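A closer look at the structure
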Amino acid sequence: MDALIQLRTELIDTVLVRFRPHLVVVDRHAFGVDGELRQALANLRLKRPACKVVLGLREVLDSPYVIKQEWIGIHGMGPIRSYFDQIWVYGDPAIHDPLRTGEIPEILGSLVRYTGYLAAGRVSHRRSTLLDKPYVLTMAGGGSDGLALVLAAAGAEVPEGYEHLVITGPQMPMEHRRLVQCAAGPGTSVVVQTRDALAEIEGASAIVSMGGYNSIGEIMSTSTPALIVPRTEPRREQLIRASALARRGIVDMCHPDDLSPELVADWFRGAAGTRVDRSGIDLTGITALALLAADLLATEASTPERRRAHAAV
């Protein structure tokens, strides 16, 4: 593993030197999962000091205690301020503010810019599933840890006049998919994946889902009622996100310990066909990112090279 991390470090370092970016956006882990970005970012600051470097974070990281240990043990405050020009938080602080909760240390507050959720503005494609009736939907993200959710949903009684589409996710093990298929009742179809989850959410009358950032973002860009059953281990990110949204009436939430086919069936009966107004949430992060990037790059001289600015992610 040490050799692999060193190889990754050298590759990233070489790419940044040869690509000569004007903007670098690092996702989630400031110096990489195993510190493989630290050397590359240090060299970038030395060789291209005008390059802007941004740390991009989801709006929820984990419980403040766990995240505090990560900041102290892995990142360190000094290097963060030395290597990064801004921290982009992909969320609405009115829903959840990681600065206020302590998930982002106060000393880094001056670097933080809130983008809004990366939700509105993505064009959905045509649905790839063909159901004759109105349908309710269950999704488990990638599916690697979604067995309990889809198993309970597959066994739920489908509301009269509706069909039920269950998407297990491509990462669900084959033996788990077989269990879901066996549990599926009348009117329930089980598929591994679809061409565009957003299109299926837009067409659904109600959805049951886990609480990952991407799934939540797609759901919030629609008015489809949603029951979120968050993962609680090994991180509490999904639980914190779902709880914050549920307090605002944006979604309903069920703790995984309370999940059952009967609960899912009752929720489907009450929610199917209703609509949820989510217009009060800032979902414009996709647009905001472009504006933030433009502002950062505009601080440099407008040279011909600058007008052909490169961005590395």
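The present account deals with the structure reproduced in this document. (Residues numbered from 1 in each chain as written. Predicted model: local features only at pLDDT ≥ 70, side-chain atom pairs only at ≥ 80, totals over all residues. Heavy atoms only, no water.)

Some thoughts on the overall build of the protein
Looking only at helices and strands, the protein features 13 helices and 11 strands. Against the globule reference of 20 Å for 313 residues, the protein gives a C-alpha radius of gyration of 22 Å, in line with a compact fold. A principal-axis box enclosing the C-alpha atoms of the protein has dimensions of 65 × 40 × 35 Å. Sorting the 313 residues of the protein into buried and exposed places 50% on the buried side. Pairs at least 24 apart in sequence give 78% of the contacts found in the protein among residues at least 6 apart. Total accessible area on the protein stands at roughly 15,100 Å², and carbon and sulfur atoms take up 54% of it. Both charge centroids of the protein, one from 33 positive and one from 36 negative side chains, sit 8 Å from each other. (Helix = DSSP H or I, 4+ residues; strand = E, 2+ residues; numbered from the N terminus. Rg over C-alpha atoms; globule rule 2.2 N^0.38 Å. Buried < 20%, exposed > 50% of the residue type's maximum accessible area, 1.4 Å probe, protein only. Contact = heavy atoms within 4.5 Å. Areas by Shrake-Rupley, 256 points an atom, 1.4 Å probe, with all protein chains shown as cover. Lys, Arg positive; Asp, Glu negative; His and termini not counted. Charge placed at Lys NZ, Arg CZ, Asp CG, Glu CD.)

Some points on the layout of surface pockets
Its boundaries defined by the atoms lining it, the largest pocket holds a volume of some 520 Å³. For the largest pocket, the lining is made up of 25 residues, of which Ala-140, Gly-141, Gly-142, Gly-143 and Ser-215 are closest to its centre. In terms of residue class, the lining of the largest pocket is made up of seven nonpolar, 12 polar and six charged. (1 Å grid on protein atoms, 1.4 Å probe; cavity = no way out; pocket = protein on both sides within 12 Å on 5 of 7 lines; lining within 4 Å. Points joined across faces, edges and corners; volume = space filled by probe spheres on them. Nonpolar A, V, L, I, M, F, W, Y, C, P; charged D, E, K, R; others polar.)

The analysis is restricted to geometry; functional conclusions fall outside its scope.
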